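As a plain string of letters, each chain reads:
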Amino acid sequence: MKLSKRLMAIARMVQKHSNHGELADIGSDHGYLPVWLVLNDVISSAIACEIADGPIQALKKTIQLSHTEDKISVKKGDGLQPIIGSQLDMITICGMG
């Protein structure tokens with residue numbers, strides 16, 4: 001999987017500060033960032049969060065195609081709401097491309 005320059009810059013920052021724990025990606029869109037991080041063994045697992053059904057479907061498809069269903073879960077909700085109470089090591093909130 002090839003990331004855009006913007007997502008690769010974020011992936012490198014996560015890689016620099018990661019302790020190989022769990023990451024939450026808020027506004028994950030297609031899920032390219034958490035999938036890349038899992039496939040490249042930067043993080044152990046991820047929660048990919050989205051608010052809308054369309055991006056959630058795209059996210060689930062990316063996860064299925066990359067065979068990372070056992071390491072990336074999808075949660076629907078607004079902002080940080082879906083991860084309240086979760087034990088996480090890192091959060092990415094990357095906004096619009």
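Details of the structure are given in the entry above.
Per-chain numbering applies: the sequence of each chain, read as written, is numbered from 1 onward. The predicted origin of the model limits local features to residues at a pLDDT of at least 70 and limits the giving and counting of side-chain atom pairs to 80 or more, whereas totals for whole chains, interfaces and linings rest on all residues. The basis for every side-chain value is the complete set of heavy atoms in the structure, and neither hydrogens nor water enter the calculation.

Remarks on the packing of helix 1 (residues 5-17) against helix 2 (residues 32-39)
Moving on, step 1. Convention adopted: a line fitted to C-alpha atoms gives each axis, helices being fitted over their contacting stretch, and angles between N-to-C directions are expressed from 0 to 180 degrees. A run of H or I in DSSP counts as a helix once it spans at least four residues, and a run of E counts as a strand once it spans at least two, with each numbered from the N terminus. Where helix 1 meets helix 2, the axes come as close as 10 Å, and the angle between the chain directions of the two elements is 45°. The angle between helix 1 and helix 2 falls in the class oblique. The way helix 1 lies across helix 2 gives a crossing that is right-handed. Contact with helix 1, carried on its side by Leu7, Met8, Ile10, Ala11, Arg12 and Val14, involves Tyr32, Leu33, Trp36 and Leu37 of helix 2 and no other residues of that element.
Moving on, step 2. Partitioned by chemical class, the residues of the contact of helix 1 with helix 2 number nine nonpolar, no polar and one charged. Throughout this description, any angle smaller than 35 degrees is read as roughly parallel, any larger than 145 degrees as roughly antiparallel, any in the 65 to 115 degree range as roughly perpendicular, and the remainder as oblique. Crossing handedness is defined as follows: a turn of the near helix away from the far one that is anticlockwise and smaller than a right angle gives a left-handed crossing, while the clockwise case is right-handed. We call two residues contacting when some pair of their heavy atoms lies within 4.5 Å. Gly is placed with the polar residues, together with every amino acid not listed as nonpolar (Ala, Val, Leu, Ile, Met, Phe, Trp, Tyr, Cys and Pro) or charged (Asp, Glu, Lys and Arg).

Some details on helix 2
Moving on, step 1. The buried fraction of helix 2 amounts to six of the eight residues, a majority that puts the element mostly inside the structure.
Moving on, step 2. All buried positions along helix 2 are accounted for by Leu33, Pro34, Val35, Trp36, Leu37 and Val38.
Moving on, step 3. Next to the buried residues of helix 2 lie helix 1, strand 1 (22-26), strand 2 (45-50), helix 3 (53-65), strand 3 (72-76) and strand 4 (90-93). Each residue gets one of three labels from its accessible area relative to the maximum for its type: buried under 20%, exposed over 50%, partly exposed in between, using a 1.4 Å probe on protein chains only.

Quick word on the nonpolar core
Moving on, step 1. Membership of the largest hydrophobic core comes to 19 residues, with the highest contact counts inside it found for Val14, Leu23, Leu37, Ile43 and Ile72.
Moving on, step 2. Looking at this core, the elements that each hand over two or more residues are helix 1, helix 2, strand 2 and helix 3.
Moving on, step 3. Element by element, the count of residues in this core is highest for helix 2, at five residues.
Moving on, step 4. Once you skip the residues sitting within four places of it in the chain, Val14 turns out to touch Leu23, Leu37, Val42, Ile43, Met90 and Thr92.
Moving on, step 5. Judged by nonpolar contacts, the second largest core, of five residues, contains Ala24, Ile26, Cys49 and Ile83. Here, nonpolar core refers to any group of buried Ala, Val, Leu, Ile, Met, Phe, Trp, Tyr and Cys residues whose side-chain atoms link them within 4.5 Å.

Re unusual backbone geometry
Moving on, step 1. Although it is not a glycine, His20 adopts a positive phi angle of roughly 60°.
Moving on, step 2. Relative to the helices and strands, His20 resides in the loop between helix 1 and strand 1.

Note that every value here comes from positions in space, so none of it alone points to a role or purpose.
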